[in-house]
Amino acid sequence: MSETPESEVPASESFVGHVINEIITSPLNLALVGVIALLIYKIIKSRIEVPHSHSAPKDDLPRLRRDFTPQELREYDGTQPDGRVLMAVLGNVYDVTKGKRFYGPGGPYAAFAGRDASRGLATFSVSRSDDVEYDDLSDLSTMEMDSVREWEMQFKEKYPLVGRLLKPGEEPSTYSDDEEEGAAEAASSQNHSKSE
Ligand code: HEM
């Protein structure tokens, strides 16, 4: 009554079985299946990630241009309502809000948020410093300074420059709206070379 035509089921089963058998017994076929699976994974992943990056709040924040004392920088540790995160490296302040997953509250490098990260980067330490004094880094070794300069190159590439970290008694610069980034860049590298 409910008999399945015997010739059909075994035929399709044997076909599928044959294909599976072909795949698992041939290393070349196995490798091809692996490559196809990887490509499918990458395509799906990129489709999921695109809308994500568009909805990130970082895009909404206006560009910030000003200098900070270490004390003033503290405010920008990502816990404010706008979630902006700033970080100083070798006398320059960067807006690292787009790296919030690193520096935002609970992130692996949250200890750098709103602070001068130079010493931590130089010594590979992520412990939080509550010192608000300007750190002149004068006790760091050449190797440690080289290490922090390498980090600095990465930050310059990746994050917008906001201004300078002010030494005690230093006056903040005035940045005009239409000013090119190069001007601040020059001012800040001058600032840094003075400390060397
Ligand atoms: C077990 C030790 C560590 C592991 C496994 C690790 C892992 C990573 C990984 C995978 C990234 C890249 C994330 C990405 O681009 O998606 C990264 C970035 C980074 N790591 Fe580490 N890390 C370690 C220790 C440290 C230490 C000790 C420091 C302190 C100097 C540090 C500072 C950083 C910084 C500043 C970034 C760059 C974030 C950015 O692009 O803004 N890491 N780390």
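What you see is a predicted model; the values in this text were computed from it and never measured. (Residues numbered from 1 in each chain as written. Predicted model: local features only at pLDDT ≥ 70, side-chain atom pairs only at ≥ 80, totals over all residues.)

*Asks:* Explain the overall build of the protein chain here, please?
*Replies:* A count of helical and extended segments in the protein chain gives 7 helices and 3 strands. Counting from the amino terminus, helix and strand elements in the protein chain follow one another as α-α-α-β-β-α-α-α-β-α. Relative to its 196 residues, the protein chain shows a buried fraction of 23%. The contacts of the protein chain with a sequence gap of at least 6 include a subset with a gap of at least 24, amounting to 59%. (Helix = DSSP H or I, 4+ residues; strand = E, 2+ residues; numbered from the N terminus. Buried ≥ 20, exposed ≤ 12 C-beta atoms within 10 Å, placed from the backbone. Contact = placed C-beta atoms within 7 Å.)

*Asks:* Sorry, what's going on with the environment of K158 here?
*Replies:* Among the structural elements, K158 can be located in helix 6 (residues 142-158). Placed 64 residues apart in sequence, K158 and Y94 show a C-alpha to C-alpha distance of 9.4 Å.

*Asks:* I'm lost on the pairing of strand 1 (residues 86-89) in this one. Help?
*Replies:* Walk down a regular strand and you will see the side chains alternate between the two sheet faces. Neither face of strand 1 is left uncovered, since the one carrying L86 and A88 and the one carrying M87 and V89 both have all their residues buried. In terms of strand pairing, strand 1 meets strand 2 (residues 92-95) through 4 bridges, oriented antiparallel. Note on strand 2: the bridge partner recorded for M87 is Y94. Here strand 1 folds back onto strand 2, and the loop between the two strands holds 2 residues, one of which, L90, carries a positive phi near 45°. (Pairing = 2+ DSSP bridges.)

*Asks:* Would you mind showing me how to read the site of the ligand here?
*Replies:* For the ligand, the full set of nearby residues is V96, G99, F102, Y109, G120, L121, F124, V126 and K158. For the shell around the ligand, a count of residues per class yields 6 nonpolar, 2 polar and 1 charged. (Near = placed C-beta within 6 Å. Nonpolar A, V, L, I, M, F, W, Y, C, P; charged D, E, K, R; others polar.)

*Asks:* I keep staring at the nonpolar core and nothing clicks. Help me out?
*Replies:* Nonpolar side chains in soluble globular proteins tend to end up buried together. Judged by nonpolar contacts, the single largest core of 25 residues is most densely connected at L86, M87, V89, V93 and Y94. Put simply, the parts of the chain that give this core at least two residues each are strand 1, strand 2, helix 5 (118-123) and helix 6. The element contributing the most residues to this core is strand 1, with 4 residues. When sequence neighbours within four positions are dropped, the list of residues in contact with V93 reads F68, L73, L86, A88, V162, G163, R164 and L165. (Core = buried A, V, L, I, M, F, W, Y, C linked by C-beta atoms within 7 Å.)

*Asks:* Would you mind going over the pairing of strand 2 with me for this structure?
*Replies:* By the alternation rule, side chains of strand 2 split into N92 and Y94 and V93 and D95, which are all buried. The sheet contact formed by strand 2 and strand 3 (residues 161-164) spans 3 bridges and is antiparallel. Pairing of N92 across the sheet is with R164, part of strand 3.

*Asks:* Which parts of the structure should I look at to understand the sheet that holds strand 2?
*Replies:* Each strand in a sheet pairs with another by means of backbone hydrogen bonds, the pair being arranged parallel or else antiparallel. Taken together, the 3 strands give an open sheet; going across it, the order is 1-2-3, and neighbouring strands pair in antiparallel fashion. The open sheet terminates on both sides in strands that have one partner only, identified here as strand 1 and strand 3. Pairs of neighbouring strands in the sheet enclose a mean axial angle of 30°, with direction left out of account. (Axes fitted to C-alpha atoms, helices over the stretch in contact; angles between N-to-C directions.)

*Asks:* Just to check I follow, could you spell out the confidence of the model for the protein chain for this structure?
*Replies:* Detailed reading of predicted coordinates is not advised where the pLDDT is low. Residues at a pLDDT of 70 or more form 76% of the protein chain, whose mean pLDDT is 82. This stretch, residues 50-56, has a pLDDT under 50; its non-local contacts, to residues over four places away or in other chains, come to 0 contacts. (pLDDT = per-residue confidence, 0-100.)

*Asks:* So what exactly am I meant to see when it comes to unusual backbone geometry here?
*Replies:* Glycine aside, a negative phi is what most residues show, and trans is what most peptide bonds show. With phi around 45°, L90 is a residue other than glycine that occupies positive phi space. With respect to the element layout, L90 can be found in the loop between strand 1 and strand 2. The class for L90 is buried, based on 24 C-beta atoms found within 10 Å. Backbone geometry at L137 places phi at a positive 60°, although glycine is not the residue there.

*Asks:* When you look at the environment of D131 in this model, what are you seeing that I'm missing?
*Replies:* Mapped onto the secondary structure, D131 falls in the loop between helix 5 and helix 6. Judged by the 11 C-beta atoms lying within 10 Å of it, D131 falls in the exposed class. In sequence terms D131 and R115 are 16 residues apart; their C-alpha atoms lie 9.1 Å from each other.

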